[in-house]
Structure formats: structure tokens, C-alpha cells
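# Breakdown of the fold
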Amino acid sequence: MEWFASIPKVELHAHLNGSIRDSTLLELAKDLGEKGVIVFSDVEHVILKNDRSLTEVFKLFDLIHIITTDHATVKRITKEVIEDFASENVVYLELRTTPKRNDSKGMTKRSYMEAVMEGVRNVSTVDVVFPHNNVDAGSHIISVPVNDMCNGTARKKIYVRLLLSIDRRESTAAAMETVKLALEMRDLGVVGIDLSGNPVVGEWITFLPALKFAREHGLDITLHCGEVPNPKEIQAMLDFIPQRVGHACYFGEDDWKKLKSYNIPVEICLTSNITTASVSSLDVHHFADLYKAKHPLVLCTDDSGVFSTSLSKEYNLAAAAYGLGKREMFELARNAIEFLFENDEVKQDLRSIFDLAAKKLD
Ligand code: 6MZ
């Protein structure tokens, strides 16, 4: 485990509200309990439960959203989530979140995202490479010191970029609002769009206009695809040729063929898939076949809070389950650079971080 924590890693599939520390969630829930908004004893065991079906996961998210959707809390969880990823040497994080309206808190999708960005800027334990409001449009701060193999001799740094999620419960108009917000916030660290939410809710056709609009305006797109059996939707999503897909659990032969012919990278979330029983065991998980076929893939956490995992744990799990050695795991981590939604300047900087770390591999 320690070794997996020590190497640089890239996280491309992490949901903000799924990545909250249990201790923070409990503290916030207790506060709301004292204010009479919720009954703490009813929610405590729900937060601490370990095994969750996909249906239970989405019920938990509804509860988490009640607990977290105010500006101060959004700032706090964003800061903590980034610090947690940085503490295990994630050097580039694409954090995704669903912009939310909460009229009772005077929250708009925009003000929600502004709180997220404020949270990014409040990170204090590491240097965060993230565009600031006060820099010229389009410029990125990349002049902070290079991470020295993450061994503590230099201050760590982490690139943070944001993906705005469209929730499958949303209408076409709401999805479009999210995409327009992403376009307006492009110079502020937003690099793409994600489609997520309960996979048994909503229709692909509802989100397609907004996703097309995003693409026409140059935003990169990742789709939760095949988290439940839905052959028609899977084919339609693959024909859209997104930049990446997440999960890909219920793919049939034709789906694999299409995915491979388009060479679409897959975000693999082992613990999430096993916990929700989207895949019955690691032995039959599609990671093995895709890895053997040298298909582009990246290990991710999905919801490190909800599934009690971390990126190091996911690497450890994959190495043990599929018999991969340190060199192979290091290469797997490094390859993720090629699939992230940033320009070559950033990728080059990340490659140099990995090169430096490679020299210290035993
Ligand atoms: C699909 C998921 C997900 O956006 O409020 N989300 N969507 N499948 C999953 N696999 C388990 N895990 C998380 O983070 C929480 C939201 O992310 C999506 C859901 O829409 C969930 O409400 P944010 O920060």
C-alpha cells in the first residue's frame, strides 16, 4: 500500500460529493441533527454502512446533498477532498461535480461552482495548480516547484481541473445550463462535462443536445456508460465517441468491438463496481481483458468516501488481483496522462514529474 501511495498518480473519475471524509459527513450530519433538520440517529448508520447496492448509493447521495449543499460546506469539502488526494500523491486531479441550485440557501449553479473554486483556492497543505480569477483568460499557473518524487523534500503540487456533471434526473434545459456554465468557466479550471447520476433514470436523448453543444464548443466529454444493462443506450453513447467512458460494466461483444475500434479510454472503478455488484468479482472484471488488449484505461476511485477507498487502494487491489508488478503499475499510472482533458504543456509537465519519480524506482 505504502508504495502505491508514494508514486505519482492521476485521478480522472472522482465525484466531489462521493469523496467526502466520513468524519466530515458525520460532523455535518450531527450539526444538522442539532438544528432539527435531520434525525442524526437515523442517518449515522447509513453514512457508516460499507456494503451498498447501486440503489442504496443513490439514496445516500440524496442524503449527502441535504447535508452538504450550502456554500460554506461546498468550500470545505472541496478543500478537504483535494488535500486527501494530494496526500497520497495524486499529481493531477479531475474532480467532477454536479452544479446545484438550492433556493433555500440562495444557491445557483453558478454560485455553487464559485464555492467549489473557492474551496480549491483554500487548499493549504499543497501547492495547487489552478487558474485564478485574477490571471489573464486562458493562462495557467504552472511555475510552482516540481514535486520531488513526492518524498517530502519539496512541497507537493497538484493540478486540479473541474468537470461539470449533468445529473440524469435533469431536463435538456437544465443540462444545457450546466454546459453553458462550463463554457463560461473554462478559463477558471473547467475542462469538460460528465454525464452521471442514477443509470436507471433518464434517457440519452434528453442529454444529447447539451452534449452536442458542449462538443461543438470544444469541451471534452466523459460519459457514465453501461453501469446497468442498456444495450441501446450503450451503442448510442459509443457512437457519440466521447473522449472517455466510465465503468463499462454491462458491455456486450458489439460494445467491446465498438469501444476498441474508437479507442475510447475507460475509467475503471474496481471497488465501486464490486461494492455495487455491477461486476460480480475482480476475477471477471473487464480490467483484465482491457489491460491484456492494451486498451487505454485508467484506475479511478469514483467515490472514495462512499466506497471507503483511495486511489492507492485501487492500485493495490489491481496489482494483487491481476498479478501486476511495480513497473507495470507505474506505467499504468503514467499512461493516464494521455487521457486527461488538458493541453500538451500540462501533460509535458506531468510527464517530467513521472520521469523524475521513475529514476527512484527500485
Ligand atoms: C453514476 C454517480 C456515481 O456531483 O454531487 N455519481 N453517478 N454512477 C455512480 N457510481 C456509483 N457516483 C456518483 O457527486 C455526487 C453525484 O455524482 C454522481 C451522482 O449524480 C451523485 O449524486 P456531486 O459532487
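What you see is a predicted model, and the numbers here were worked out from it, not measured in a lab. (Residues numbered from 1 in each chain as written. Predicted model: local features only at pLDDT ≥ 70, side-chain atom pairs only at ≥ 80, totals over all residues. Heavy atoms only, no water.)

## Section: the pairing of strand S4 (residues 157–167)
Of all eleven residues making up S4, eleven are buried, and the element is well covered by its neighbours. Residues Lys157, Tyr159, Arg161, Leu163, Ser165 and Asp167 line one face of S4 and the alternating positions Ile158, Val160, Leu162, Leu164 and Ile166 line the opposite face, and both faces are buried. Taken together, the six bridges between S4 and strand S5 (residues 190–196) define a ladder with parallel strand orientation. If you follow Asp167 over to S5, its bridge partner there is Ser196. What joins S4 to S5 is helix H7 (residues 172–184), and the crossover it makes is right-handed. (Buried < 20%, exposed > 50% of the residue type's maximum accessible area, 1.4 Å probe, protein only. Helix = DSSP H or I, 4+ residues; strand = E, 2+ residues; numbered from the N terminus. Pairing = 2+ DSSP bridges. Right-handed = clockwise from strand over helix to strand, strands pointing away.)

## Re the packing of helix H9 (residues 231–239) against helix H10 (residues 253–262)
Interaxial distance between H9 and H10 falls to 10 Å at its minimum, and their mutual angle equals 10°. As the angle between them shows, H9 and H10 are arranged roughly parallel. Mapping the contact onto sequence places Ile234, Gln235, Leu238 and Asp239 in H9 and Asp254, Asp255, Lys258, Leu259 and Tyr262 in H10. Grouping the constituent residues of the contact of H9 with H10 by class yields four nonpolar, one polar and four charged. (Axes fitted to C-alpha atoms, helices over the stretch in contact; angles between N-to-C directions. Parallel < 35°, antiparallel > 145°, perpendicular 65-115°, else oblique. Contact = heavy atoms within 4.5 Å. Nonpolar A, V, L, I, M, F, W, Y, C, P; charged D, E, K, R; others polar.)

## A short note on unusual backbone geometry
Positive phi is not limited to glycine here, since Asn89 has a value of about 65°. With respect to the element layout, Asn89 can be found in the loop between helix H5 (71–87) and strand S2 (90–97). Residue classification places Asn89 among the buried positions, given a relative accessible area of 5%. Even without being glycine, Ser308 reaches a positive phi, approximately 45°. Looking at the secondary structure, you find Ser308 in the loop between strand S9 (297–299) and helix H13 (311–322). Under the relative-accessibility criterion, Ser308 is labelled partly exposed at 33%.

## Re the site of the ligand
Around the ligand lies a shell of 19 residues, among which His65, Thr97, Thr98, Lys100 and Asp303 are the nearest. Thr97 is positioned with one of its side-chain polar atoms (N or O) 2.6 Å from an oxygen atom of the ligand. The separation between a nitrogen atom of the ligand and a polar side-chain atom of Asp303 is 2.7 Å. Taking 510 Å² as the accessible area of the ligand by itself, protein coverage stands at 99%. (Near = heavy atom within 4 Å. Polar contact = N/O pair within 3.5 Å; in protein donor to acceptor, adjacent residues only side chain to side chain. Areas by Shrake-Rupley, 256 points an atom, 1.4 Å probe, with all protein chains shown as cover.)

## Brief notes about the confidence of the model for the protein chain
Counting all residues, the mean pLDDT for the protein chain is 93, and 94% of those residues have values of 70 or more. Here residues 133–149 is modelled with pLDDT under 50, and outside its nearest four sequence neighbours on either side it reaches 41 contacts, counting other chains as well. (pLDDT = per-residue confidence, 0-100.)

## A word on the state of the cysteines
The tally for this structure, following the rule as stated, stands at zero disulfides. Distance from the sulfur of Cys249, which forms no disulfide, to the nearest cysteine sulfur (Cys269) is 8.3 Å. The cysteine Cys269 is free of any disulfide, with Cys300 supplying the nearest cysteine sulfur at 5.2 Å. Residue classification places Cys269 among the buried positions, given a relative accessible area of 0%. (Disulfide = S-S within 2.5 Å.)

## Let's talk about the nonpolar core
Grouped burial of nonpolar side chains is what soluble globular proteins tend to show. Ile158, Ile193, Leu211, Phe287 and Met329 are the most contacted members of the largest nonpolar core, which totals 118 residues. Per element, the largest residue contribution to this core is eight residues, and it comes from helix H4 (residues 54–68). In this view, Ile158 contacts Ile82, Phe85, Ala86, Val90, Val91, Tyr92, Leu93, Val126, Asp127, Val128 and Val129; residues no more than four positions away in its chain are not counted. (Core = buried A, V, L, I, M, F, W, Y, C linked by side-chain atoms within 4.5 Å.)

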